[in-house]
Amino acid sequence: MASLSSSTHFCSSSSAYSNSSSLRFNHHHYYISNLEFSAISPKHLGSKKISLQSNSRPSSNAILMQEGAVARTATIVENEPPTKKLKDGLLSASSPEKHKEPIGFDVNNDKSTVSITVVGASGDLAKKKIFPALFALYYEDCLPEHFSIFGYARSKISDAELRNMVSKTLTCRIDKRENCGEKMEQFLKRCFYHSGQYDSKENFVELDEKLKEHEGGRVSNRLFYLSIPPNIFIDAVRCASVSASSVNGWTRVIVEKPFGRDSESSAALTRSLKQYLEEDQIFRIDHYLGKELVENLSVLRFSNLIFEPLWSRQYIRNVQFIFSEDFGTEGRGGYFDNYGIIRDIMQNHLLQILALFAMETPVSLDAEDIRNEKVKVLRSMRTLSMDDVVIGQYKSDTKGGITYPAYTDDKTVPKDSLTPTFAAAALFIDNARWDGVPFLMKAGKALHDRRAEIRVQFRHVPGNLYNRNFGTDLDRATNELVIRVQPDEAIYLKINNKVPGLGMRLDRSNLNLLYKARYSKEIPDAYERLLLDAIEGERRLFIRSDELDAAWALFTPLLKELEDKRLIPEYYPYGSRGPVGAHYLSAKYNVKWGVDE
Ligand SMILES: NC(=O)C1=CN([C@@H]2O[C@H](COP(=O)(O)OP(=O)(O)OC[C@H]3O[C@@H](n4cnc5c(N)ncnc54)[C@H](OP(=O)(O)O)[C@@H]3O)[C@@H](O)[C@H]2O)C=CC1
Ligand SMILES: O=C1O[C@H](COP(=O)(O)O)[C@@H](O)[C@H](O)[C@H]1O
């Protein structure tokens, strides 16, 4: 067992959370400190976890190949026995138990395979995001040696037609990548298609047979990505679980949002999913959690001494989560009208970022420890009230001779729709750290720019010697930390600085970490990270059911009131900065929305 990695294909660049990326890198020697096995139970979709610990060199394959067991996760340490590394504190001060590196590592690699079935393969998301992400993972050698990708949908197309459709959206993320065309061809050869109904067990049995053919008798691990409208989630899960789940490996299901429309429907969805799946088989995706700068949020805060001491009501005046798109709901009006911007962006993407931002230090980087802390934040939040929310809807506007449509011009949207395409809200976390600090959210479509950012506005400097240099508007002199999630990923801190010269003039300047200037490597798409995590069984960036319940509990009463009272949104022109009401809302809490001068 000189090298466990000789036949593995797990890439170096993926989510190795606490230690060096070399954990997954080929051509190195590894030692296993902690193995987690799946006991195979054919009657059961999932697998029971048994943790074994082996803090010595795994010199014998025997334990790795125990009959009826598949290694799911392992703590792997490069070059030296882990006991020594742990003693040296190189891994972590915590126990090896707590410091699992859950990488879904099939030690018995040539005997296992991963099949990824994209259910709804003919759809928009599959084409736009899922297949390109899978190709990027393949290009980066992040997929296991034995894998196949299946598209499943009702459309009657052949393997060749699927490949043709997929090939149109595949790109190597940066130009000039080597062997891109060759890699694409190899990738496409591993993509197949099966046409079937989402509620047909027979059709899923046929899929199962095809999957088995490709698995060639190896231990089969199966990932189903539900890229379909929510009304058919349960049909597809039932059929996949009953007719096409793995009998000797793991079966996991990625579920796309929306996870219901409110507390009740979300709970019903969870109940239905749990009829067929264990919670640890369900990977509820929120792709914002897979974005590089959102991933970096905890690193920034917990690995730099200078931020964490300031991270509370004592120094932070308010925090803003801003999402804006410079295009409307074009093409997705049918879906959007049933949900609106609060459900589409705030209740999930922005709230998830908020929870990560505001959580207490987790015990470790393990998924459950992090999700426990996020849930606590969500459960400490005040239910949103109508007084703290502003809604808007975009109307048509003409600029430079071009007429931009109103939301209700979309043919799939009812003419009298009151669905908000913009919302601003003030939220509060009633705990000791954040008592009284407004957490403002703003999300809108068809605005003047496209951006997603977190802005942290600090308090005024008490007894500031330089107050007179700032004039009366002290807000202009407060520090602001901006985490720009997209585009042009950056982290910058606005500070006051003396303008060089003989006088004493101050200005505000940015300490600026602009990613493209600092890092030459391109940033992976969020779907790449999340797909890889799901394959590897890493749940940290997926939403647990209690998080979801807590998130819906905050928004459901407000959403119900908005809909029951048919509240009229404030209309704003396409391409504008949105409703003025958002400024009244922030002013109520003595806050100005952050902008870059
Ligand atoms: N598109 C996006 O940007 C995003 C999408 N999502 C979510 O991802 C999932 C997939 O989205 P998207 O790809 O846009 O969805 P689509 O509307 O494109 O649907 C995907 C596929 O599902 C099948 N389908 C569509 N409507 C029905 C229906 N009424 N009954 C049965 N089958 C149907 C179609 O395949 P066929 O007819 O061949 O069976 C279609 O190609 C949804 O849950 C969506 O909310 C989340 C974030 C962003
Ligand atoms: O989930 C969604 O996200 C997209 C925005 O995602 P991004 O990664 O392009 O910022 C949004 O357009 C869509 O309405 C929403 O459903």
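Here the structure is a predicted model, which is why all the values come from computation and not from measurement.

Let's talk about the overall build of the chain
And then number 1: When its secondary structure is counted, the chain shows 16 helices and 21 strands.
And then number 2: For the chain, contacts bridging at least 24 residues in sequence account for 78% of all contacts bridging at least 6.
And then number 3: Roughly 25700 Å² of accessible area belongs to the chain as shown, and the carbon and sulfur atoms make up 52% of that amount.

Structural notes on the UniProt feature "domain: Glucose-6-phosphate dehydrogenase C-terminal" (unreviewed entry) in the chain
And then number 1: When the UniProt feature table is mapped onto this chain, "domain: Glucose-6-phosphate dehydrogenase C-terminal" (unreviewed entry) is found at residues 299-593.
And then number 2: In this annotation, residues 299-593 is assigned 30% helix and 25% strand; the end-to-end C-alpha distance for the span is 25 Å.

Observations concerning the pairing of strand E5 (residues 147-153)
Every other side chain in a regular strand lies on the same face of the sheet, so the side chains alternate between the two faces.
And then number 1: With 7 of 7 residues buried, E5 is to be regarded as a mostly interior element.
And then number 2: Where burial is concerned, the two faces of E5 agree: the one with Phe-147, Ile-149, Gly-151 and Ala-153 and the one with Ser-148, Phe-150 and Tyr-152 are both buried.
And then number 3: The sheet contact formed by strand E4 (residues 112-119) and E5 spans 6 bridges and is parallel. From the neighbouring strand, Val-118 faces E5, where its bridge partner is Gly-151.
And then number 4: This β-α-β element, E4 to helix H2 (residues 124-139) to E5, shows right-handed connectivity.
And then number 5: Of the pairings in the sheet, the one linking E5 to strand E6 (residues 191-195) comprises 5 bridges and is parallel in character. From the neighbouring strand, Tyr-152 faces E6, where its bridge partner is His-194.

What to know about the site of ligand 1
And then number 1: Taken together, 19 residues are adjacent to ligand 1, and Ser-122, Asp-124, Lys-128, Ser-155 and Tyr-198 come closest.
And then number 2: The contact in question runs from an oxygen atom of ligand 1 to an N or O atom on the backbone of Gly-123, over 3.1 Å.
And then number 3: Ile-228 places a polar main-chain atom, nitrogen or oxygen, 2.8 Å from an oxygen atom of ligand 1.
And then number 4: Look at ligand 1: alone it shows 870 Å² of surface, and the protein chains cover 76% of it.
And then number 5: In terms of residue class, the shell around ligand 1 is made up of 9 nonpolar, 4 polar and 6 charged.

Section: the pattern of salt bridges
And then number 1: Summed over all chains, the structure comprises 39 salt bridges.
And then number 2: A salt bridge links Arg-343 to Glu-563; the shortest N-O distance between them is 2.9 Å. With Arg-343 in helix H10 (residues 340-358) and Glu-563 in helix H15 (residues 545-564), this pair connects stretches of sequence that are 220 residues apart.
And then number 3: A relative accessible area of 5% places Arg-343 in the buried class.
And then number 4: Judged by its relative accessible area of 38%, Glu-563 is partly exposed.
And then number 5: Among the salt bridges present, the one from Asp-596 reaches Arg-455, with a minimum N-O distance of 3.0 Å. Placement of the pair is Asp-596 in the segment after helix H16 (581-588) and Arg-455 in strand E16 (residues 451-458), with a sequence separation of 141 residues.
And then number 6: When its relative accessible area of 0% is taken as the criterion, Arg-455 is described as buried.
And then number 7: Connected through salt bridges with shared partners, the residues Asp-449, Arg-451, Glu-453, Arg-455, Glu-480, Lys-494 and Asp-596 form a single ionic network.

Describing the site of ligand 2
And then number 1: Contacts to ligand 2 come from Lys-257, His-287, Tyr-288, Lys-291, Glu-325, Arg-332, Asp-344, His-349, Lys-445 and Gln-486.
And then number 2: Contact distances for ligand 2 include 2.4 Å between an oxygen atom and a side-chain N or O atom of Tyr-288.
And then number 3: For ligand 2, the protein covers 82% of the area, taking 390 Å² as the surface of the free molecule.
And then number 4: The residue makeup of the shell around ligand 2, split by class, is 1 nonpolar, 3 polar and 6 charged.

Overview of the sheet that holds strand E20 (residues 542-543)
And then number 1: An order of E6-E5-E4-E7-E8-E9-E20 is seen for the 7 strands of this open sheet, with the pairing classed as mixed. Unpaired on one side and paired on the other, E6 and E20 mark the two borders of the sheet.
And then number 2: Lying on the sheet, helix H5 (residues 201-215) is in contact with E4, E5, E6 and strand E7 (219-226); it crosses E5 at an angle near 165 degrees.
And then number 3: Where helix H6 (residues 233-244) meets the sheet, its contacts fall on E4, E7 and strand E8 (251-255), and the angle it forms with E7 comes to roughly 170 degrees.

Side note on the confidence of the model for the chain
As a note on interpretation, predicted positions should not be read in detail where pLDDT is low.
And then number 1: Summarising the model, the chain shows a mean pLDDT of 84, and 81% of its residues fall at 70 or more.
And then number 2: Every residue in residues 1-9 scores below 50 in pLDDT, and together they form 30 contacts with partners more than four places removed in sequence or on other chains.
And then number 3: Segment residues 13-108: pLDDT under 50, and 221 contacts once partners within four positions in sequence are set aside and those in other chains are kept.
And then number 4: At the level of chain-chain contacts, confidence expressed as ipTM amounts to 0.98, with global pTM at 0.85.

Here we look at the packing of helix H11 (residues 367-379) against H15
And then number 1: Packing of H11 against H15 brings their axes to within 9 Å, and their N-to-C directions diverge by 15 degrees. Considering their axes alone, H11 and H15 lie roughly parallel with respect to each other. The hand of the H11/H15 crossing is left-handed. Here Arg-371, Lys-374, Val-375, Leu-378 and Arg-379 of H11 lie close against H15, whose contacting residues are Asp-546, Glu-547, Ala-550, Ala-551 and Leu-554.
And then number 2: Classifying every residue of the contact of H11 with H15 by side-chain character gives 5 nonpolar, no polar and 5 charged.

Side note on the packing of aromatic side chains
And then number 1: Evaluated as defined, the whole model comprises 25 aromatic pairs.
And then number 2: An angle of 75 degrees between the planes, with centres 6.4 Å apart, marks the rings of Phe-357 and Phe-439 as edge-to-face. Of this pair, Phe-357 sits in helix H10 while Phe-439 sits in strand E15 (residues 439-444), placing them 82 residues apart in sequence.
And then number 3: Using a relative accessible area of 0% as the deciding quantity, one classes Phe-357 as buried.
And then number 4: Residue classification places Phe-439 among the buried positions, given a relative accessible area of 0%.
And then number 5: Ring geometry for Tyr-404 and Tyr-574: centres 5.0 Å apart, planes at 25 degrees, overall stacked. Residue Tyr-404 is found in strand E13 (residues 402-404), and its partner Tyr-574 is found in the loop between strand E21 (570-573) and H16; the two are separated by 170 residues along the sequence.

A word on the environment of Asp-387
And then number 1: Tracing the backbone through its elements, the reader meets Asp-387 in the loop between H11 and strand E11 (389-395).
And then number 2: Through-space distance from the C-alpha of Asp-387 to that of Thr-398 is 32 Å; in sequence the pair is 11 residues apart.
And then number 3: Those residues in contact with Asp-387 that lie beyond four places of it in its chain are Leu-585 and Lys-588.

Side note on the side chain of Gln-486
And then number 1: With respect to the helices, strands and loops of the structure, Gln-486 is situated in strand E17 (residues 480-486).
And then number 2: Among the polar contacts made by the side chain of Gln-486, one reaches the side chain of Tyr-288 at a distance of 3.2 Å.
And then number 3: Sequence-distant contacts of Gln-486, defined by excluding residues within four places in its chain, comprise Tyr-288, Lys-291, Arg-450, Arg-451 and Ala-452.

Regarding the side chain of Asp-208
And then number 1: The residue Asp-208 is located in helix H5 in this model.
And then number 2: Residue classification places Asp-208 among the buried positions, given a relative accessible area of 8%.
And then number 3: Engagement of the side chain of Asp-208 in a polar contact is seen with the side chain of Arg-222, the distance being 2.6 Å.
And then number 4: Leave out the neighbours within four places in its chain, and Asp-208 touches Arg-222, Ser-243, Ala-244 and Ser-245.

Calculation rules
- Residues numbered from 1 in each chain as written.
- Chains lettered and ligands numbered in written order.
- Predicted model: local features only at pLDDT ≥ 70, side-chain atom pairs only at ≥ 80, totals over all residues.
- Heavy atoms only, no water.
- Helix = DSSP H or I, 4+ residues; strand = E, 2+ residues; numbered from the N terminus.
- Contact = heavy atoms within 4.5 Å.
- Areas by Shrake-Rupley, 256 points an atom, 1.4 Å probe, with all protein chains shown as cover.
- UniProt positions renumbered as here; feature names shortened; annotations may be inferred.
- Buried < 20%, exposed > 50% of the residue type's maximum accessible area, 1.4 Å probe, protein only.
- Pairing = 2+ DSSP bridges.
- Right-handed = clockwise from strand over helix to strand, strands pointing away.
- Near = heavy atom within 4 Å.
- Polar contact = N/O pair within 3.5 Å; in protein donor to acceptor, adjacent residues only side chain to side chain.
- Nonpolar A, V, L, I, M, F, W, Y, C, P; charged D, E, K, R; others polar.
- Salt bridge = Lys/Arg side-chain N within 4 Å of Asp/Glu carboxyl O.
- Axes fitted to C-alpha atoms, helices over the stretch in contact; angles between N-to-C directions.
- pLDDT = per-residue confidence, 0-100.
- Parallel < 35°, antiparallel > 145°, perpendicular 65-115°, else oblique.
- Left-handed = near helix turned anticlockwise from the far one by under 90°.
- Phe/Tyr/Trp six-rings, centres within 6.5 Å; stacked < 30°, edge-to-face > 60°.

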